[in-house]
Amino acid sequence: MTHVALFDYGAGNLHSLKKGIEAGGARVTVTTNWDEALDRDALVLPGVGSFGAAVQGLGEQGPRVRRALEDGLPCLGICLGMQLLFPSSEEAEGAGIGFLPGRVRRLRARTVPQIGWNDVVTSSDPLLEGVGDALTAYYANSFVCDVESDQEAHVVEARSEYKGDEFAAAVRKGRTWGFQFHPEKSSLPGLRILSNFILEVNT
Amino acid sequence: MLRPRVIVCLDVKDGRVVKGTRFKGLRDVGDPVELARRYEREGADEIVFLDISASHEGRGTLLETVRHTAEVLFIPLTVGGGVRTVDDMDALLRAGADKVSVNSGAVRDPEMLTRSAARFGNQCVVISIDAARDGAHWYHYTHGGRQRTDLDAVSWAQECVERGAGEVLLTSIDRDGVRTGYDLELTRAVAEAVTVPVIASGGAGNARHLEEGFTRGKAAAVLLAGILHDGLTTVRELKEALSGWGVPVRPSPTLSDRTIRSPAALDALTFDGDGLIPVVTQDATGGAVLMVAWANREALEATLETGMMHYWSRSRKALWEKGETSGNTQALSSLHADCDGDTLLARVTPAGPACHTGDPTCFGSGALPLPVPAPELGIVEELWAVLEERDRERPEGSYTVRLLSDENLRMKKLGEETAELISALIRGEERASAEAADLLYHVLVALKAGGRSWREVETELERRRG
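This report concerns the structure included in the present document. (Residues numbered from 1 in each chain as written. Chains lettered and ligands numbered in written order. Predicted model: local features only at pLDDT ≥ 70, side-chain atom pairs only at ≥ 80, totals over all residues. Heavy atoms only, no water.)

### Focus on the overall build of chain B
Then, in step 1: Counting its regular elements, chain B contains 16 helices and 18 strands.
Then, in step 2: Projecting the C-alpha coordinates of chain B onto the three principal axes gives extents of approximately 110 × 65 × 40 Å.
Then, in step 3: Taking all 466 residues of chain B together, the buried fraction comes to 48%.
Then, in step 4: A separation of at least 24 residues holds for 60% of the contacts in chain B among residues at least 6 apart in sequence.
Then, in step 5: Per element, the accessible surface of chain B, about 21700 Å² overall, is 52% carbon and sulfur.
Then, in step 6: A distance of 2 Å separates the average location of the 55 positive side-chain charges in chain B from that of its 71 negative side-chain charges. (Helix = DSSP H or I, 4+ residues; strand = E, 2+ residues; numbered from the N terminus. Buried < 20%, exposed > 50% of the residue type's maximum accessible area, 1.4 Å probe, protein only. Contact = heavy atoms within 4.5 Å. Areas by Shrake-Rupley, 256 points an atom, 1.4 Å probe, with all protein chains shown as cover. Lys, Arg positive; Asp, Glu negative; His and termini not counted. Charge placed at Lys NZ, Arg CZ, Asp CG, Glu CD.)

Here it is in structure tokens:
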């Protein structure tokens, strides 16, 4: 059975995400240890807490995590976990993993955080298989990722818009995916994304 | 676009959902975990648990309830009631709440909002305001609506947001349980005074009240409880009505893949308050509807595991394998959910009569399907059959045979007949249908001579129908 490491930065609710991944047919270990986190079939970076806290949880391990992802370790970053895949964030000092080029910036609207169900314009990706043409997903975020284009093989997979501010709802590079919304809080389509991820890990 | 939310509130006491009006007279309405799941399947955008247990034991039970719920609920969960400190909040978030709402705790110690927002982020912090009107103002109440404060509800909301609350849960005490609609003036006054989402609560009696909450009350979300728990309506019905009036709510889920192949797929089903779902059982070969019975999750898991139909007997309150005593078992052929996942169709191969009376179906022999008559051939198929016969037997003097053996003539006629049809159509002449018949005949002959068949044309048309 696929064995997924769910990294715990030390704050917040991981129950739904853990159960959601398990429902997709994988075994999940919640861990604060990077040796263990990088030794499983796939790594999941959850979306609770702040960028600062996550950077602390990352410690000196950023370059090592980046190498593991470059070597093809399947990874799923959710909300803050997606932001952590970038080099840095406006939210707090400190370096992220730097696997994806770009920057993490504050939403431009007066009312932040964005809390609630927002529409997602999807594209064809194995992880978005079967979620339907009109995906509406749950967000709870103040920051978003601006992906820079470069020669590397990465693509923005989906977009959303909050009060006129368009941002990346999902990114992918190689076997690493990032979702700005919370699949584990987005009901059936969200669960489908998690089980699609497990299917991809297995192929 | 951010969708207006429909939130379902469950008042929880000692591990059970209770309902009266929130501020008096309670009765048990069910298990919080099951109810929360059911409302998710109906299309609720969020669930709120308000803990009204007074006792210390009740708190421990609440954390357990939150933990169990978070493991099976895949929409956001807000928990409130009796939250006094940042540590109370921490415990609820760790148990699985996504947001925590605070009322009396914030009145006693407003700084706790700031500390919680700094620690957990303001998206986790909901200020709960219970307001009642007195003259030109609304005043905030604590202790489940029993204790009036001197705080003006609107300015209190503003202060809480400045201190770090990310959302306002605004309940009108005057309207709570009355079902005459939200206090729209109150809702709008608060919504216009703060920069965070306001949830209207207290007074929802029908879909129109929800619509007014969004439009006239300017609420980002509406909260309801009683009309759902009493079975007067469903989240699905309410959302359909709202969509019809142009309120862009998130549509309730429809099952895209309705075939249930594994126990995991049972998660997509909506069980009723007793954990049951109706099953319509059909003979997989004859098509007869055999019976209607109830199943719970356990019965369906047993069915999928063994391949034999299991139901839940409501009279005996027990799991029931069909035929375990009579021998009239039913082997499962396939299991299908309906569009909204609250009814199942089981297609089975029965080993004997379905009904305890010995009738093959519980609906009597009158319900057996009528024999299906062989379909009559359409005129085109009939014509095609004649062409095939002519081609095979080549009778002398047959015009069709001449056409079949002379390609030049065939193509020339195809062109001529097309031109004649066009001309008849342009002139609006009645003979257009006769010309079309001529053309169709020549098309069929040309297909036949070209080694193609009419069936291929039909197949192509069917494919295009999608």
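### Here's the deal with the sheet that holds strand 13 (residues 276-283) of chain B
Residue and element names in this part refer to chain B.
Then, in step 1: The sheet built from four strands is open, its strands ordered 14-13-18-17 with mixed pairing. Lying at the two open borders of the sheet, with one neighbouring strand each, are strand 14 (289-296) and strand 17 (330-337). Direction aside, the axes of adjacent strands within the sheet are offset by 30° on average.
Then, in step 2: As judged from the five bridges shared by strand 13 and strand 18 (residues 344-350), these two strands associate in the parallel manner. Across the sheet, Val 279 pairs through a bridge with Leu 344, a residue of strand 18.
Then, in step 3: Running over the sheet, helix 11 (residues 297-306) touches strand 13, strand 14, strand 17 and strand 18 and is turned about 120° from strand 14. (Pairing = 2+ DSSP bridges. Axes fitted to C-alpha atoms, helices over the stretch in contact; angles between N-to-C directions.)

### Things to note about the interface of chain A and chain B
Then, in step 1: Counting residues at the interface gives 28 residues for chain A and 32 residues for chain B.
Then, in step 2: When chain A packs against chain B, close to 2600 Å² is buried across both sides, 57% of that on carbon and sulfur atoms.
Then, in step 3: Its largest share of buried area at the contact with chain B, chain A owes to His15(A), Ile115(A) and Trp117(A), together 26% of the area lost on that side.
Then, in step 4: Along the contact surface separating chain A from chain B lie two salt bridges. (Buried area = accessible area lost by both parts, 1.4 Å probe. Salt bridge = Lys/Arg side-chain N within 4 Å of Asp/Glu carboxyl O.)

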